[in-house]
Amino acid sequence: MATEEPSYTVIEQSGDFELRRYSPMIVAETQVSGPMDAASSAGFRLIADYIFGNNTSRAGGNEKISMTAPVTMEPKPEKISMTVPVSMEQTGEQWRVHFVMPSQYTLDSLPTPNNSAVSLREVPASNYAVIRFSGLVSEEKRAAKAAELMTWLDSKGITPVGEPKLARYNPPWTLPFLRRNEVMVAY
């Protein structure tokens, strides 16, 4: 049985790049700190715990929710107070990790997370620019693919909105050359 993915329409494709229009969706998400790999694992475990039944269904009890793809993570922007002189320093990373919920659910029909670190959010229909690639993903590879995507968008005169996010589609036991990964950014 195929894993459900968010519904989208391809607006334009050029090699590994695509412009897509996504339908509205609901995500279960959490925010975690640390380097990308550690944050990815921690965020995955928190949300997997929710979909595997650490929740309270509308009818009482708990409910298992089907796994979907991709699992997405993005750097969380951080507000820094203005000071003089102007300087910036990063003291760690914040990441938002989310799973798209199966399309049969609404915010009202999804079980409530028992862990307050997991929240549910509706994402409106939106446009994303995407670059697709395979293999293992390090922070360096994610940054390089994000830079490629930004260069492609710039060549098309398209201005991105927000930070690029990483989308992983396969379980960890998938051979690297068979893995589907994407870096995507709203525009």
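These numbers come from a predicted model, not from an experiment. (Residues numbered from 1 in each chain as written. Predicted model: local features only at pLDDT ≥ 70, side-chain atom pairs only at ≥ 80, totals over all residues. Heavy atoms only, no water.)

### Quick look at the pairing of strand 3 (residues 25-33)
The buried count for strand 3 comes to seven of nine residues, which makes it a mostly enclosed element. Judged from the five bridges that link them, strand 3 and strand 8 (residues 119-123) form a sheet pairing that is antiparallel. Bridge pairing links Ala28 to Leu120 in strand 8. Here strand 3 runs beside strand 6 (residues 94-100); their pairing, made up of seven bridges, is antiparallel. Counted as the bridge partner of Ser33 is Gln94 from strand 6. (Buried < 20%, exposed > 50% of the residue type's maximum accessible area, 1.4 Å probe, protein only. Helix = DSSP H or I, 4+ residues; strand = E, 2+ residues; numbered from the N terminus. Pairing = 2+ DSSP bridges.)

### A closer look at the layout of surface pockets
One number sums up the size of the largest pocket: a volume of about 600 Å³. As for the largest pocket, its lining consists of 24 residues, and the residues nearest its centre are Phe44, Arg168, Asn170, Pro171 and Pro172. Taken together, the elements giving at least two residues each to the lining of the largest pocket come down to helix 1 (36-51), strand 5 (71-75) and strand 10 (161-168). The dominant element in the lining of the largest pocket, judged by the number of residues it contributes, is helix 1, at four residues. The class makeup of the residues in the lining of the largest pocket is 12 nonpolar, eight polar and four charged. (1 Å grid on protein atoms, 1.4 Å probe; cavity = no way out; pocket = protein on both sides within 12 Å on 5 of 7 lines; lining within 4 Å. Points joined across faces, edges and corners; volume = space filled by probe spheres on them. Nonpolar A, V, L, I, M, F, W, Y, C, P; charged D, E, K, R; others polar.)

### Regarding the nonpolar core
The biggest cluster of nonpolar side chains holds 33 residues, and the ones touching the most others in it are Tyr50, Met101, Leu149 and Leu153. Taken together, the elements giving at least two residues each to this core come down to strand 2 (17-22), strand 3, helix 1, strand 5, strand 6, strand 9 (126-133), helix 2 (139-155) and strand 11 (181-186). The biggest single contributor to this core is helix 1, with six residues. Discounting residues that sit within four places of it in the chain, Leu153 has contacts with Leu19, Ala129, Ile158, Pro160 and Val185. (Core = buried A, V, L, I, M, F, W, Y, C linked by side-chain atoms within 4.5 Å. Contact = heavy atoms within 4.5 Å.)

### Examining a nonpolar patch on the surface
Judged by side-chain polarity, Leu175, Phe177 and Leu178 come together as a nonpolar surface patch covering roughly 350 Å² of accessible area. Residue Leu175 is classed as partly exposed on the basis of its relative accessible area of 47%. (Patch = residues over 30% accessible without salt bridge, like charges linked within 9 Å, V, L, I, M, F, W, Y side chains within 5 Å. Areas by Shrake-Rupley, 256 points an atom, 1.4 Å probe, with all protein chains shown as cover. Salt bridge = Lys/Arg side-chain N within 4 Å of Asp/Glu carboxyl O.)

### Observations regarding the packing of aromatic side chains
Going through the model one piece at a time under the given rule, you end up with four aromatic pairs. Both rings, one in Tyr8 and one in Tyr22, keep their centres 5.0 Å apart while their planes meet at 45°; by these two values the pair is tilted. Taken as a pair, Tyr8 in strand 1 (residues 8-14) and Tyr22 in strand 2 lie far apart in primary sequence, 14 residues in all. Relative accessible area serves as the criterion here: at 25%, Tyr8 is assigned to the partly exposed category. Residue Tyr22 is classed as buried on the basis of its relative accessible area of 4%. Centroid distance Tyr22 to Tyr128: 5.6 Å. Interplanar angle 90°. Geometry classified as edge-to-face. One end of the pair, Tyr22, is in strand 2; the other, Tyr128, is in strand 9, with 106 residues separating them in the sequence. For the pair Tyr22 and Tyr128, one class covers both residues: buried. Taken together through their ring pairs, the aromatic side chains of Tyr8, Tyr22 and Tyr128 make up a single cluster. (Phe/Tyr/Trp six-rings, centres within 6.5 Å; stacked < 30°, edge-to-face > 60°.)

### Quick look at the confidence of the model for the protein
Overall, the prediction assigns the protein a mean pLDDT of 90, with 91% of residues at 70 or greater. Segment residues 78-91: pLDDT under 50, and one contact once partners within four positions in sequence are set aside and those in other chains are kept. (pLDDT = per-residue confidence, 0-100.)

### Let's talk about empty space enclosed by the protein
A full pass over the atoms with the stated rule returns one cavity of 30 Å³ or more. What the largest cavity holds in volume is close to 140 Å³. As for the largest cavity, its lining consists of 13 residues, of which Met25, His98, Val100, Lys165 and Met184 are closest to the centre. Looking at the lining of the largest cavity, the elements with two or more residues in it are strand 3 and strand 6. Per-class residue counts for the lining of the largest cavity are 10 nonpolar, two polar and one charged.

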